Amino acid sequence: MTPEEYIQLKAYARIDGLYLALLWLISFACYISGFNVAFLGFTSSMLAIYSPFFAAQRMRKFRNEARGGSLSLLRGAAYYMLMFFYASALFALLQYVYFAFIDNGMLMSQYAQIMQSKEAVSIIQSYGISMRDLNQGIAELRNSSPIMLAFNIMTFNLFVGFMLSWPTALILRRKAPETL
């Protein structure tokens with residue numbers, strides 16, 4: 001890969017990472033709103049499931065427009081990983097802002113309230129988890145700093161991006177079309 005091709009790869013990955021981060025942000029906003037409106041919770045789940053396919057669509061566009069229909073396995077995997085890296089970094093920043101300045105403990109309060117419901121208590125007990133352990137876990141989450149919450153989610157997103165990059169690149173790789 002030439003330096004110009006690497007610059008091109010990073011530029012496209014940054015732009016597509018921005019789009020992916022915006023998709024995640026919409027999904028996260030629907031998730032937060034889903035505590036009050038069930039349909040938004042469902043929408044959040046569907047957007048989260050759609051995000052790897054969205055990333056694959058963006059990689060296909062990169063292959064067809066920037067690479068002239070050609071994409072190697074290694075370049076495709078690198079592109080997908082970089083896209084997830086840029087999206088994860090931006091999304092972590094946005095989540096940090098949310099947890100530090102907007103949330104004020106609302107999310108953890110919602111979790112605690114849900115875990116105290118009759119249905120949740122019976123499910124939790126059927127798994128052999130004591131309510132004391134559950135409440136201790138929620139308390140630990142409440143005491144987590146906003147940066148740690150954002151970092152943990154970012155780490156998960158990076159892991160998912162790494163794991164999906166190879167099969168996606170394998171599916172979307174193409175050799176350069178032969179010219180006559």
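See the structure shown above.
The present account deals with the structure reproduced in this document.

Parameters and conventions
All residue numbers refer to positions counted from 1 along the written sequence of the respective chain. Where local features are concerned, this predicted model is filtered to residues with pLDDT of at least 70; where side-chain atom pairs are given and counted, the filter is 80 or more; whole-chain, interface and lining totals use all residues. Side-chain metrics in this entry use all non-hydrogen atoms of the structure; hydrogen atoms and water are not considered. Each helix is a run of H or I in the DSSP string that is no shorter than four residues. Each strand is a run of E no shorter than two, and both are numbered from the N terminus. Lining residues are those with an atom within 4 Å of a point, where the points come from a 1 Å grid over the protein atoms alone and group into cavities, where a 1.4 Å probe fits but cannot get out, or pockets, open sets with protein on both sides within 12 Å along at least five of seven lines. Grid points are joined across faces, edges and corners, and a volume is the space filled by probe spheres set on the points. For this scheme, ten residues count as nonpolar: Ala, Val, Leu, Ile, Met, Phe, Trp, Tyr, Cys and Pro. Four count as charged, namely Asp, Glu, Lys and Arg, and the remainder, Gly too, count as polar.

### Regarding unusual backbone geometry
Across residues other than glycine, the phi torsion is negative in most instances, and most of the peptide bonds are trans. With a phi close to 55°, N104 is a non-glycine residue in the positive phi region. Mapping N104 onto the fold places it in the loop between α3 (73–102) and α4 (106–115).

### Notes on the environment of I123
Turning to its location among the elements, I123 is positioned in helix α5 (residues 118–126). Residues I123 and L20, 103 residues apart in the sequence, show an inter-C-alpha distance of 34 Å.

### Focus: the layout of surface pockets
For the largest pocket, the calculated volume is near 510 Å³. Lining the largest pocket are 21 residues; nearest its centre among them are F91, Q95, I153, F156 and N157. Secondary-structure elements contributing two or more residues to the lining of the largest pocket are α1 (3–33), α2 (38–66), α3, α4 and α7 (146–172). The element that contributes the greatest number of residues to the lining of the largest pocket is α7, accounting for five residues. The class makeup of the residues in the lining of the largest pocket is 16 nonpolar, five polar and no charged. Of the pockets and cavities examined, the second largest pocket occupies roughly 160 Å³. Along the walls of the second largest pocket sit P52, F53, A56, Q57, R60, Y80, L164, P167, T168, I171 and L172, which together make up its complete lining. Those elements giving two or more residues to the lining of the second largest pocket turn out to be α2 and α7. Of the residues contributing to the lining of the second largest pocket, the split by class is eight nonpolar, two polar and one charged.

Purely geometric numbers; function is a separate question.
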